[in-house]
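Close look at the chain arrangement
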Amino acid sequence: MIRRLSLENILSFQSLRDLELKQLNVLVGPNMSGKSNLLRVLKFLFRAISPPPMGVGVQQAILEYGGMPELCWKGSQKHSFRIEIEIECFRKGLGSRVYEYGLWVEESSSSVEVRKEYLYRLEEEKKEPIFEAERGKLQFLTPKMFLLGTTFPREKSFLEVFGINGFEGTIFRQHISQWRFYRLIPSVMRQPYVGASIPILFENGQNFSSWLAFLMQKDSQFSTRFKQVVTDLFPHIKDINPVQTVYGPMLSLNEKYLKRDFIPNQFSDGELICLAFLALILAPNKYGAPLFCIEEPENFLHRYLIDNLVEIYLQRLREIEQNEQNAAQLLITTHSLHLINKVNIENLLITSRKEGTTHIGPPKHKAEVQEILSRKELGLGELFYSGTLEEEN
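Residues numbered from 1 in each chain as written. Predicted model: local features only at pLDDT ≥ 70, side-chain atom pairs only at ≥ 80, totals over all residues. Heavy atoms only, no water.

**Regarding the overall build of the protein chain**
Along the protein chain, the regular secondary structure elements total 13 helices and 15 strands. Each of the 393 residues in the protein chain was classed as buried or not, and the buried ones make up 51%. Sequence-distant contacts in the protein chain: of pairs separated by 6 or more residues, those separated by 24 or more amount to 59%. Accessible area for the protein chain stands at about 19000 Å²; split by element, carbon and sulfur atoms hold 48% of it. (Helix = DSSP H or I, 4+ residues; strand = E, 2+ residues; numbered from the N terminus. Buried < 20%, exposed > 50% of the residue type's maximum accessible area, 1.4 Å probe, protein only. Contact = heavy atoms within 4.5 Å. Areas by Shrake-Rupley, 256 points an atom, 1.4 Å probe, with all protein chains shown as cover.)

Structure representation (structure tokens):
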């Protein structure tokens with residue numbers, strides 16, 4: 001779980017210091033205020049340091065964002081940026097450990113290089129260094145698997161060069177590689193997917209049908225519960241099952257009063273989106289992720305479905321906590337007044353843009369807002385759109 005994040009000179013962020021994140025984080029604000037850019041920074045880090053195939057390395061990740069001039073904040077002539085992140089990582093049988101990771105990248109006259117990179121383990125009030133590297137030279141490492149002063153290409157992250165099993169840096173890197181990012185597109189989700197069935201849903205939902213069929217075939221308990229919830233949410237649906245086709249595993253949906261089944265290319269937009277989110281919520285932990293970043297989950301959904309998805313999510317959260325398991329962290333962006341009304345003020349992050357830079361923080365005057373909410377005359381969404389809520393300085 002990400003506990004704290006600081007950014008400098010990247011995308012729309014001139015400087016973002018010590019943003020604290022909770023298990024559920026709902027980003028709200030006007031268009032172009034920078035909500036999506038927070039998720040894009042996290043996706044950049046995911047692409048830069050995750051092992052393949054999820055990661056591509058620092059250089060290629062920068063190119064995916066259009067190069068340093070496009071990745072860096074445009075209010076400055078500097079072509080350099082910094083990311084500092086504090087993450088709590090859970091490992092089965094080993095409990096949790098908290099790490100602080102820093103990445104400082106800059107563009108010189110001839111190339112882009114990693115100026116500084118480090119990983120510390122945080123223990124109470126102490127920082128225990130795991131490694132430190134500067135401009136392609138190892139400055140510190142524990143345990144000492146390499147001589148200090150060992151060099152490696154300046155344009156690469158130390159983590160992408162030295163991926164040694166058992167090394168805490170590798171464990172941290174593998175944790176990042178499990179993050180998931182979603183902006184689901186119904187027209188893409190309808191298309192047949194001919195690749196191998198895997199337990200990961202792609203960002204735009206390209207493999208939606210084969211992914212969900214895979215989960216249903218691999219876990220009968222999930223399949224039974226998923227079917228029950230689907231038929232409760234959609235009374236016209238009689239059953240939903242995985243079937244084998246020439247394209248591979250696919251979903252087949254049976255409606256009451258009809259004689260032939262539907263396949264995903266005939267599902268409605270709302271059905272596709274709702275089924276995908278429902279499966280992500282109910283999926284067994286072994287097929288889950290430590291972090292889900294989702295842009296505008298309300299798209300294509302009726303408020304009835306939003307209400308039910310939120311309730312199912314909260315119920316699933318309670319189940320996971322009762323079983324002493326680790327629930328996923330959730331970051332979402334939204335413009336939905338109705339969705340904002342369904343969350344607690346503690347989970348809200350206000351995003352604004354002032355003088356060309358993005359500011360993000362919790363709402364001001366929480367006590368006063370809570371008092372207004374207690375009267376049940378206005379919801380959190382109405383207060384936000386009225387301008388009552390602003391981020392703390």
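We are not done yet, so read on.
**Describing the pairing of strand E7 (residues 126-134)**
Direction of pairing for strand E6 (residues 112-123) relative to E7: antiparallel, over a ladder of 8 bridges. Within E7, the residue paired with Glu123 across the bridge is Lys126. Linkage of E6 to E7, two consecutive antiparallel strands, is achieved through a turn of 2 residues, within which Glu124 is found at a positive phi near 55 degrees. Across 4 bridges, the pairing between E7 and strand E8 (residues 137-141) is antiparallel. Within the sheet, the bridge partner assigned to Glu134 lies in E8 and is Lys137. A loop of 2 residues connects E7 with E8, the two strands running antiparallel in sequence, and Arg135 in this loop sits at a positive phi of about 45 degrees. (Pairing = 2+ DSSP bridges.)

**Some thoughts on the state of the cysteines**
Under the defined criterion, the tally for this structure stands at 0 disulfides. Not engaged in a disulfide, the cysteine Cys89 finds its nearest cysteine sulfur in Cys293; these two sulfurs lie 15 Å apart. Residue Cys293 is classed as buried on the basis of its relative accessible area, which comes to 2%. (Disulfide = S-S within 2.5 Å.)

**Let's talk about helix H9 (residues 269-282)**
For H9, which comprises 14 residues, the first-to-last C-alpha distance of 20 Å matches the rise-based estimate of 20 Å (1.5 Å per residue) to within 8%. Most of H9 sits inside the fold, with 13 of its 14 residues counted as buried. (Expected span 1.5 Å × (residues − 1).)

**Thoughts on the sheet that holds E7**
The sheet built from 7 strands is open, its strands ordered E2-E1-E4-E5-E6-E7-E8 with antiparallel pairing. Each having just a single partner strand, strand E2 (13-20) and E8 make up the two edges of the open sheet. Sheet twist, expressed as the mean angle between neighbouring strand axes with direction ignored, is 15 degrees. Along the sheet, helix H5 (residues 168-176) makes contact with strand E4 (80-91), strand E5 (95-107), E6 and E7, crossing E4 at roughly 95 degrees. (Axes fitted to C-alpha atoms, helices over the stretch in contact; angles between N-to-C directions.)

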